[in-house]
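A look at the structure
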Amino acid sequence: MGKPERLVIAGAGIAGLTCSLALARTGRIPQVLDQAPNASEEGAGLQLGPNVTRYLQSLGLLEAILPIASRPQAIRIRQLRSHKTLSRMELGATFEKRYGNAPYLTLHRADLMASLLRANAALGIRPQWGTRVEHIRQTEREVQVRTQSGHVLRADGLIGADGIFSRCRLAVPNALANPPRPVGQIAFRGLIQDTGPLDPVLAREVTVWTRPGLHLVGYPIRAGKAYNLVALCPLSGDWKVASQGWSQPMPEALLQNFRAQTCGLVQELLTMASPWHAWAMQANQALAGPESMWLNRVFLMGDAAHPLRPHLAQGAGMGIEDAVCLSQALAVSLETPLQARFADAAKRRWTRNALVQKASERNGRLFQMRPPWVWGRDLALRLFGSRLMDQPWLYNPV
Ligand SMILES: Cc1cc2nc3c(=O)[nH]c(=O)nc-3n(C[C@H](O)[C@H](O)[C@H](O)COP(=O)(O)OP(=O)(O)OC[C@H]3O[C@@H](n4cnc5c(N)ncnc54)[C@H](O)[C@@H]3O)c2cc1C
């Protein structure tokens, strides 16, 4: 038997930790580096469709997250000005059966991270916190990873899972040429910690409230004990939000401006949530080929490869799909060069990621559609709602 392959993963976020777990389950123990001083509790809600929970099940994670997640009964689209229902799609037993008995879940990012960290630790993987990747050099035989402290790690392959502001992108010119840029929208997120006073219908469903130029998404997390709200609207020149970081303070005037455009019930909801954090949204162009995800001994995944707009709720999901696909490609015989296995994974992933990038952008436009088109959209939603809202191309196994 040859020497075990040396793999380094930069980034212990959702994509990086899913990848290390999937690799460890096939007998490979990667070294995981993360720039953060320790595991972050930051973030708020995430939605995971059946395309993702199916993989969490195969990794043995689903059981651990089910008690701390919520299992919404439906996705409902409402008008932001009146709270009236435009359309509703059931997520219950029939939906789950249609998609291979994989549930639609909503949960707090920190809870998913904690489960991933525990599952990794059980297989002997503990991220090296406070270790920032600064520079990458590829040679024919290895990849050299220099960290902020000047230490150089040598490996057979580097998996760049270092998020939207990836350093690993520097080693993949096609990715570097397509960096994330501000998309002119701001997302602000707040949590309702006590769901006691919440309308029970809201507490059981994912709700999208729309009106021309802005929309709001809300759903239960933490087994219904908390409720997550994300509001999205254009970021005009008057509002300043730093472009990096998930927990920028929310400009109060912007929140007030948003609140003023909603109905009384939504105003109450917005008042119940705190603290509010702002995120100036960034995304890149849809991937144009497998070379956007890989070059020689470096493979990019998750937000490092394809930072997504949040309108299809698939940011974490695509990172998880990338991770599972890459671990499967790497499990092929060691006689196949690592570069070829990276290339194979990139070939399998880039079209799916590009499709989801485009669909996320389109969904954002649909949610914030203006007159006269919005009248046609609302009519279509009323007539064919649940059929239009279902996404078999997305939720079916790939
Ligand atoms: C703190 C935080 C909070 C978030 N909150 C939400 C949320 O509330 N809702 C939502 O939908 N999405 C949120 N996201 C984004 C969402 O988690 C991602 O879109 C998605 O999960 C993709 O995950 P990822 O692993 O590719 O990237 P990320 O989750 O961003 O993880 C990247 C990891 O890489 C590390 N890293 C970055 N640069 C380097 C470097 N040079 N060297 C080593 N390590 C590095 C980071 O510290 C981070 O741990 C958040 C991300 C972060 C980091």
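Residues numbered from 1 in each chain as written. Predicted model: local features only at pLDDT ≥ 70, side-chain atom pairs only at ≥ 80, totals over all residues. Heavy atoms only, no water.

**Observations concerning the site of the ligand**
- Every one of the 27 residues lining the ligand counts as a neighbour, but Asp 34, Ala 44, Arg 109, Arg 189 and Asp 303 are closest to it.
- For the ligand, a nitrogen atom lies 3.4 Å from a polar atom in the side chain of Arg 132.
- In the environment of the ligand, a nitrogen atom lies 2.9 Å from a nitrogen or oxygen atom belonging to the backbone of Val 133.
- Bound to the protein, the ligand loses 88% of the 920 Å² it would expose on its own.
- Where the shell around the ligand is concerned, the elements lending two or more residues are helix 1 (14-25), strand 3 (45-48) and helix 10 (315-330).
- Looking at side-chain class alone, the shell around the ligand contains 10 nonpolar, nine polar and eight charged residues. (Near = heavy atom within 4 Å. Polar contact = N/O pair within 3.5 Å; in protein donor to acceptor, adjacent residues only side chain to side chain. Areas by Shrake-Rupley, 256 points an atom, 1.4 Å probe, with all protein chains shown as cover. Helix = DSSP H or I, 4+ residues; strand = E, 2+ residues; numbered from the N terminus. Nonpolar A, V, L, I, M, F, W, Y, C, P; charged D, E, K, R; others polar.)

**Examining the nonpolar core**
- Grouped together as the largest cluster of nonpolar side chains are 66 residues, with contacts concentrated most on Leu 158, Ile 159, Phe 299, Met 301 and Leu 326.
- Contact partners of Phe 299, with chain neighbours within four places excluded, come to Leu 158, Ile 159, Gly 160, Met 293, Trp 294, Leu 326, Phe 342, Ala 345 and Ala 346. (Core = buried A, V, L, I, M, F, W, Y, C linked by side-chain atoms within 4.5 Å. Buried < 20%, exposed > 50% of the residue type's maximum accessible area, 1.4 Å probe, protein only. Contact = heavy atoms within 4.5 Å.)

**Looking at the side chain of Gln 144**
- Inspection of the secondary structure assignment puts Gln 144 in strand 8 (residues 143-147).
- On the basis of relative accessible area, Gln 144 is assigned to the buried category, the value being 14%.
- When residues no more than four places from it in sequence are discounted, the contact partners of Gln 144 are His 135, Ile 136, Arg 137, Thr 139, Val 152, Leu 153 and Arg 154.

**With respect to the packing of helix 1 against helix 5 (residues 109-122)**
- Relative to each other, helix 1 and helix 5 sit at 25°, their axes nearing to 9 Å. In this view, helix 1 runs roughly parallel relative to helix 5, as classed from their interaxial angle. Handedness of the helix 1/helix 5 crossing: left-handed. For the pair helix 1 and helix 5, the contacting residues are Ile 14, Leu 17, Thr 18, Ser 20 and Leu 21 in the first and Arg 109, Leu 112, Met 113, Leu 116, Leu 117, Ala 119 and Asn 120 in the second.
- Among the residues making up the contact of helix 1 with helix 5, the classes are represented as eight nonpolar, three polar and one charged. (Axes fitted to C-alpha atoms, helices over the stretch in contact; angles between N-to-C directions. Parallel < 35°, antiparallel > 145°, perpendicular 65-115°, else oblique. Left-handed = near helix turned anticlockwise from the far one by under 90°.)

**Quick word on the domain arrangement of the chain**
- As assigned here, the chain comprises domain 1 (7-39 + 127-180 + 284-367) and domain 2 (181-281 + 368-395).
- Relative to domain 2, the C-alpha centre of domain 1 lies at a distance of 29 Å.
- Between domain 1 and domain 2, roughly 1500 Å² of surface is buried when both sides are summed, and carbon and sulfur atoms account for 63% of that area.
- Taken as a group, Phe 165, Leu 366 and Phe 367 account for 34% of the area that domain 1 buries against domain 2, more than any other trio of residues on that side.
- The interface formed by domain 1 and domain 2 contains nine residue pairs in polar contact (both at pLDDT 80 or more).
- In terms of residue count, the dominant contributor to the side of domain 1 that touches domain 2 is helix 11 (residues 338-367) (eight residues).
- A breakdown of the residues in the side of domain 1 that touches domain 2 according to their chemical character gives 11 nonpolar, three polar and three charged. (Domains from an automatic or database assignment. Buried area = accessible area lost by both parts, 1.4 Å probe.)

**A closer look at the sheet that holds strand 18 (residues 298-300)**
- Strands sit in the order 2-1-10-18-17 across an open sheet of five strands; the sheet is mixed. Either end of the sheet is taken by a strand with one partner, and the two such strands are strand 2 (31-33) and strand 17 (294-295).
- Taken together, the two bridges between strand 17 and strand 18 define a ladder with antiparallel strand orientation. Residue pairing across strands places Trp 294 opposite Phe 299, the latter belonging to strand 18. (Pairing = 2+ DSSP bridges.)

**Here we look at unusual backbone geometry**
- Following Ser 274, the chain continues to Pro 275 via a peptide bond in cis, the omega torsion being -10°.
- By the element assignment, Pro 275 lies in the loop between helix 9 (264-272) and strand 16 (277-283).
- Residue Pro 372 is reached from Pro 371 by a cis peptide bond, and omega for that bond is 5°.
- Structurally, the position occupied by Pro 372 is in the loop between helix 11 and helix 12 (373-389).
- Unusually for a residue other than glycine, His 83 sits at a positive phi of about 70°.
- The residue His 83 is located in the loop between strand 4 (74-79) and strand 5 (85-90) in this model.
- By relative accessible area, which is 13% here, His 83 ends up buried.
- Not every positive phi belongs to a glycine, and Ala 223 is a case in point at roughly 55°.
- Positionally, Ala 223 belongs in the loop between strand 13 (214-221) and strand 14 (226-234).

**As for the pattern of salt bridges**
- Tallied over the entire structure, the rule returns 20 salt bridges.
- Here Arg 6 ties to Asp 156 by a salt bridge, and the two come within 3.2 Å at their closest N and O atoms. You can see Arg 6 sitting in the segment before strand 1 (7-10) and its partner Asp 156 sitting in the loop between strand 9 (152-155) and strand 10 (157-160), a full 150 residues away along the chain.
- Look at Arg 6 and you get partly exposed, because its relative accessible area is 37%. (Salt bridge = Lys/Arg side-chain N within 4 Å of Asp/Glu carboxyl O.)

**A short note on the packing of aromatic side chains**
- Within this structure, the stated rule accounts for eight aromatic pairs.
- Between Phe 95 and Tyr 395, the aromatic rings sit 5.6 Å apart at their centres with planes inclined by 75°, giving edge-to-face as the arrangement. With Phe 95 in helix 4 (residues 93-98) and Tyr 395 in helix 13 (residues 392-395), the pair connects residues that are 300 residues apart, well separated along the chain. By the burial criterion, Phe 95 is buried, and Tyr 395 matches it.
- Look at Tyr 99 and Tyr 395: their rings are 5.4 Å apart centre to centre, the planes differ by 70°, and that puts the pair in the edge-to-face class. A residue pair is termed long-range when its members are at least 10 positions apart, and Tyr 99 in the loop between helix 4 and strand 6 (105-108) and Tyr 395 in helix 13 qualify at 296 residues. For the pair Tyr 99 and Tyr 395, a shared accessibility class is recorded, and that class is buried. (Phe/Tyr/Trp six-rings, centres within 6.5 Å; stacked < 30°, edge-to-face > 60°.)

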